[in-house]
Amino acid sequence: MTKLGIIGVGAMGGAILRGALAGKVIAADDVYVREHTSAKTQNVAERYGVNRADWSALAACDVVIIAVKPDKVKEVLAEFLAAKPRGVIVSIAAGTTLAKLREWSAPNLPLVRVMPNTPVDVAAGMISIAPAEGVADNNVAMVESIFAALGETVVVSEAELTAMMALAGAGPAYVYVIMDALADAGVRIGLPRKLAIKAAAQTLFGAAKMQLTSNTHPAILRDQVTSPGGTTIAGIQAMERSGLRSALIEGVVACYERDRELAQTHE
């Protein structure tokens, strides 16, 4: 049975832990957690029914996920490496490259970067997995099997992972802005706020599910709703005139460029 270690059980680390346990890809007895204080480690272990871990216990794990803030990764790795780990080290820290992880770790350790997004908390995440050069296929598959319980996984290059961060990693925030704006529009035309939010959220969810289920290009699905000379095309035209499409593209590009700037500050 795979043994999983998690260093840092905050928002994302906690979501990964909950998803792995709920998806039954790993048993609670095979999960080892560590936080920055002994008291917090004990609290997390008791809350989830998993094992509290010292560095030696983590070193014996098959996969160890480092889920601390980017500025703490180097420090955590230094302490962890002193225990001579043998498993796959997974980092979810944004902007911390595989080159940096390699520089801070032992030359023979398998390293993998993973970029999940917040819907992993409801098993609907988009998870990008970028292994370092030379990581064995079975190790990549082991990491993927853990994250598969949290949503959709894709194995990508590190360059693609950076782009996926700007699109999928930050994407939920973009969607919440769109959802809020649609709800505002509903209120503007007379709907109660609660109903407007529910309508906006369910419509976004349903449209996304239709695309994922049918694997049909979004433009074709849009055309299925858009009658010639009808109401929907009038609405789309007004949105396009206000720059909706350009705003979304520019937002993703700005996020991508900012991530590259932050990566340089870590070098």
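The notes below deal with the structure included here. (Residues numbered from 1 in each chain as written. Predicted model: local features only at pLDDT ≥ 70, side-chain atom pairs only at ≥ 80, totals over all residues. Heavy atoms only, no water.)

Helix and strand content of the protein: 12 helices and 8 strands. Expressed along its principal axes, the backbone C-alpha trace of the protein runs to roughly 70 × 35 × 30 Å. Going through the 267 residues of the protein one by one, you find that 39% of them count as buried. In the protein, 59% of the contacts between residues at least 6 apart in sequence involve partners at least 24 apart. Total accessible area computed for the protein in this model is approximately 14800 Å², and 58% of it derives from carbon and sulfur atoms. Separation of charge centres in the protein, based on 25 positive and 26 negative side chains, amounts to 6 Å. (Helix = DSSP H or I, 4+ residues; strand = E, 2+ residues; numbered from the N terminus. Buried < 20%, exposed > 50% of the residue type's maximum accessible area, 1.4 Å probe, protein only. Contact = heavy atoms within 4.5 Å. Areas by Shrake-Rupley, 256 points an atom, 1.4 Å probe, with all protein chains shown as cover. Lys, Arg positive; Asp, Glu negative; His and termini not counted. Charge placed at Lys NZ, Arg CZ, Asp CG, Glu CD.)

Before going further, it helps to examine helix α8 (residues 171-188). What sets the pattern is the α-helix's 3.6 residues per turn: residues three or four places apart point alike. For α8, built from 18 residues, the straight-helix expectation of 26 Å at 1.5 Å per residue is met to within 8% by its first-to-last C-alpha distance of 26 Å. Within α8, burial applies to G171, P172, M179, A183 and G186. The arc that holds every buried residue of α8, seen down its axis, measures 110°, which confines them to one face. Exposed side chains of α8 directed beyond 90 degrees from the buried face belong to V177 and R188. Directly beyond the C-terminal end of α8, a positive phi value near 110° is found at G190. (Expected span 1.5 Å × (residues − 1). Arc of directions from axis to C-beta.)

Our focus in this paragraph is the sheet that holds strand β6 (residues 111-115). In spatial order, the strands read β3-β2-β1-β4-β5-β6-β7-β8; together these 8 strands make up an open sheet with mixed pairing. Each end of this open sheet is capped by a strand with a single partner; those strands are β3 (51-52) and β8 (151-155). Helix-sheet contacts for helix α4 (residues 73-81) involve β1 (4-7), β4 (63-66) and β5 (88-91), and the interaxial angle to β4 is about 150°. (Pairing = 2+ DSSP bridges. Axes fitted to C-alpha atoms, helices over the stretch in contact; angles between N-to-C directions.)

We now examine the pairing of β5. Of the two faces of β5, both are covered, the one formed by V88 and V90 as well as the one formed by I89 and S91. With 4 bridges joining them, β4 and β5 adopt parallel strand pairing. Bridging from a neighbouring strand, V63 pairs with V88 of β5. Read from β4 through α4 to β5, the crossover connection turns out right-handed. Pairing of β5 with β6 involves 3 bridges; the strand directions are parallel. Across the sheet, V90 pairs through a bridge with V112, a residue of β6. The β-α-β motif built from β5, the intervening helix α5 (residues 98-104) and the parallel element β6 has right-handed crossover chirality. (Right-handed = clockwise from strand over helix to strand, strands pointing away.)

Where nonpolar side chains cluster on the molecular surface, the patch consists of L182, M239, L244 and L248 and spans about 320 Å² of accessible area. Secondary-structure assignment places M239 in helix α11 (residues 231-241). (Patch = residues over 30% accessible without salt bridge, like charges linked within 9 Å, V, L, I, M, F, W, Y side chains within 5 Å. Salt bridge = Lys/Arg side-chain N within 4 Å of Asp/Glu carboxyl O.)

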